[in-house]
Amino acid sequence: MVTVAILGGGFMGGAHASNYAALGERVRVKTVYSRSAGKAERVAAIVGAEASTDLEATIADPEVEAVDICLPTPLHRTTAELAFARGKHVFVEKPLALTLEDGEAIVRAAAGGSTLMVGLVLRFWPEYVELHRRVRAGELGRLFALAASRLSPPADWAGWYADVSQSGGPLVDLMVHDFDQANWLLGEPRSVFARAAASADPAYPDHVAALVEYDGAEAVVEGSMALPKSFPFSSLIRVNGEGGAAEYAFRATPAEDGGNIGAVDESARGLRIHPRDGQPELVLLDPVDPWGPEIEEWVSCLEQGRQPENGTGGQALLALRVSLAARRSLATGRPEAP
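Overview of the structure. (Residues numbered from 1 in each chain as written. Predicted model: local features only at pLDDT ≥ 70, side-chain atom pairs only at ≥ 80, totals over all residues. Heavy atoms only, no water.)

### Some thoughts on the sheet that holds strand 10 (residues 217-224)
Pairing is mixed in the open sheet, where eight strands are placed in the order 8-9-10-7-11-12-13-14. Looking along the sheet, the strands with just one partner apiece sit at the ends: strand 8 (191-196) and strand 14 (281-283). Each neighbouring strand pair of the sheet contributes to a mean axis angle of 10°, computed without reference to strand direction. Of the strand pairs in this sheet, strand 11 (residues 233-241) and strand 12 (residues 244-252) are connected by nine bridges, and their pairing is antiparallel. If you follow S235 over to strand 12, its bridge partner there is F250. (Pairing = 2+ DSSP bridges. Helix = DSSP H or I, 4+ residues; strand = E, 2+ residues; numbered from the N terminus. Axes fitted to C-alpha atoms, helices over the stretch in contact; angles between N-to-C directions.)

### Brief notes about the environment of A209
With respect to the helices, strands and loops of the structure, A209 is situated in strand 9 (residues 207-214). You can call A209 partly exposed: its relative accessible area is 35%. Along the primary structure A209 and D163 are separated by 46 residues, whereas in three dimensions their C-alpha atoms are 20 Å apart. If near-sequence neighbours (up to four positions away) are discounted, A209 is found in contact with F193, A194, R195, V221 and E222. (Buried < 20%, exposed > 50% of the residue type's maximum accessible area, 1.4 Å probe, protein only. Contact = heavy atoms within 4.5 Å.)

### A few points about the sheet that holds strand 4 (residues 66-69)
Judged by pairing direction, the sheet is parallel, and its six strands sit side by side in the order 3-2-1-4-5-6 without closing on themselves. Edge strands, defined here as strands with exactly one partner in the open sheet, are strand 3 (50-52) and strand 6 (116-119). With strand direction ignored, the average angle separating the axes of adjacent strands in the sheet is 20°. Sheet topology places strand 5 (residues 89-93) next to strand 6; four bridges connect them, and they run parallel. Counted as the bridge partner of F91 is M117 from strand 6.

### Brief notes about helix 9 (residues 169-186)
In this model, helix 9 (18 residues) spans 25 Å end to end at C-alpha, consistent with the 26 Å of a helix rising 1.5 Å per residue. The sharpest bend along helix 9 comes to roughly 60°, located at M175. Counting buried residues along helix 9, 18 of its 18 residues qualify, which places the element largely inside the surrounding structure. The positive-phi residue at the C-terminal boundary of helix 9 is G187, with phi of around 110°. (Expected span 1.5 Å × (residues − 1). Bend = angle between axes of the 7 residues up to and from the residue.)

### Thoughts on the nonpolar core
Here is a general trend for soluble globular proteins: nonpolar side chains tend to be buried in one another's company. Counting 51 residues, the largest nonpolar core has L131, L140, L146, L185, L186 and V239 as its most contacted members. Beyond its immediate chain neighbours, meaning those up to four positions away, L186 contacts L143, L146, Y214, A217, E218 and A219. (Core = buried A, V, L, I, M, F, W, Y, C linked by side-chain atoms within 4.5 Å.)

### A word on the packing of helix 1 (residues 11-22) against helix 2 (residues 37-47)
It is at 8 Å that the axes of helix 1 and helix 2 come closest, and there the two elements cross at 15°. Looking at the two axes, helix 1 sits roughly parallel to helix 2. Judged by the sense of rotation from one axis to the other, the crossing of helix 1 with helix 2 is right-handed. Here F11, G13, G14, A17, S18, Y20 and A21 of helix 1 lie close against helix 2, whose contacting residues are R42, V43, I46 and V47. When the residues that make up the contact of helix 1 with helix 2 are grouped by side-chain class, the tally is seven nonpolar, three polar and one charged. (Parallel < 35°, antiparallel > 145°, perpendicular 65-115°, else oblique. Left-handed = near helix turned anticlockwise from the far one by under 90°. Nonpolar A, V, L, I, M, F, W, Y, C, P; charged D, E, K, R; others polar.)

### Quick notes on the packing of helix 9 against helix 11 (residues 313-332)
When two helices pack together, you describe them by how their axes are tilted relative to each other and by the distance separating the axes. Viewed as axis vectors pointing N to C, helix 9 and helix 11 meet at an angle of 120°, and their least axial separation amounts to 8 Å. The angle between the axes of helix 9 and helix 11 places the two elements in the oblique class. Note that helix 9 runs across helix 11; the crossing there is right-handed. Contacts from L171, V172, V176, F179, D180 and N183 of helix 9 reach helix 11 at Q315, L318, A319, L320, V322, S323, L324, A326, R327 and L330. Along the lines of polarity and charge, the residues of the contact of helix 9 with helix 11 split into 11 nonpolar, three polar and two charged.

### A look at the pairing of strand 7 (residues 143-151)
The element strand 7 is extensively covered by neighbouring structure, given that seven of its nine residues are classed as buried. Where strand 7 meets strand 11, eight bridges bridge the pair, whose relative direction is antiparallel. Across the sheet, L146 pairs through a bridge with V239, a residue of strand 11.

### Observations concerning the pairing of strand 2 (residues 27-33)
The buried fraction of strand 2 is high, at six of seven residues. Across six bridges, the pairing between strand 1 (residues 2-7) and strand 2 is parallel. Paired with I6 across the strands is V32, a residue of strand 2. Two strands pair when backbone bridges link them, and strand 2 and strand 3 are joined in this way by three bridges, in the parallel orientation. For V32, the partnering residue across the bridge sits in strand 3 and is A51.

### A short note on the pattern of salt bridges
This structure, assessed with the given rule, holds 21 salt bridges. Note that K30 is salt-bridged to E63, the shortest N-O span being 3.5 Å. Taken together, the positions of K30 in strand 2 and E63 in the loop between helix 3 (55-60) and strand 4 put the pair 33 residues apart, joining distant regions of the chain. You can call K30 buried: its relative accessible area is 10%. Owing to a relative accessible area of 41%, E63 belongs among the partly exposed residues under this scheme. Three or more residues joined by partner-sharing salt bridges are found here, namely E130, R133, R134, E139 and E281. (Salt bridge = Lys/Arg side-chain N within 4 Å of Asp/Glu carboxyl O.)

Structural data, given as structure tokens:
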């Protein structure tokens, strides 16, 4: 049994706690930390853990082998470095950091022998996993185009999250998922050219489109936190290859207790495959909480003393580099190298 502490009492801390609880005796969540005692107690109750408002004591606890950081992004570096200095393994939610300097510091701090995993949850989402499997098997031939979008109402469920200078806004907090998918499917990004819709704060636009160039392929990624409150959280990925195309769409209402994913709209369920030759195929996969496979893989890494294959520091850094290149492109008006 591995022993974990969750740092953060918000929506994501609760999502992780539920999935730790589902793993039964494989894992023990000893402590849940939050600056708010009430939030710590709420998440701790999900998994039968202790609640704490003392961050350093929670991390220093000799019984805790690993910490799961679900704190605001500006706290990721200092918290991860403190945990690594105490000899702990670290799971940190995406985005890895807001700056390349901080992201690289986290990865360096893990190099002393600790396990690091980053919450790139789409790498564990069943439809994205199946899409990747089929691309790698050659079913769609060489890919030459990818389109992705991630559209959300304003992120007003937490004060820090609504402040895009702390969350990174759609470029860093939302689009990092789709930039990572494009990297996973298309390879090494070469350049990024981004354009923004009108925004109250030009430094942190709330609706952005980015063109990412790869070797022989390109990705168009759109991200927004400027949709009306009644608009469901929506995401899409579509790939086009020499052997066919595939598409997966997702829609969900905002979560009642915070966060942007609540009740899922099942009307467009499934990965849709369209071969160049042959009949289209609808691939229906068993619905799962996407954080379940991710947390299970994290616990497996701890059990087996290994680094993850997906959700690595390197993958998270590369996706962050694309996000930050897109931000530079907005400022310069020209393509930027990641």
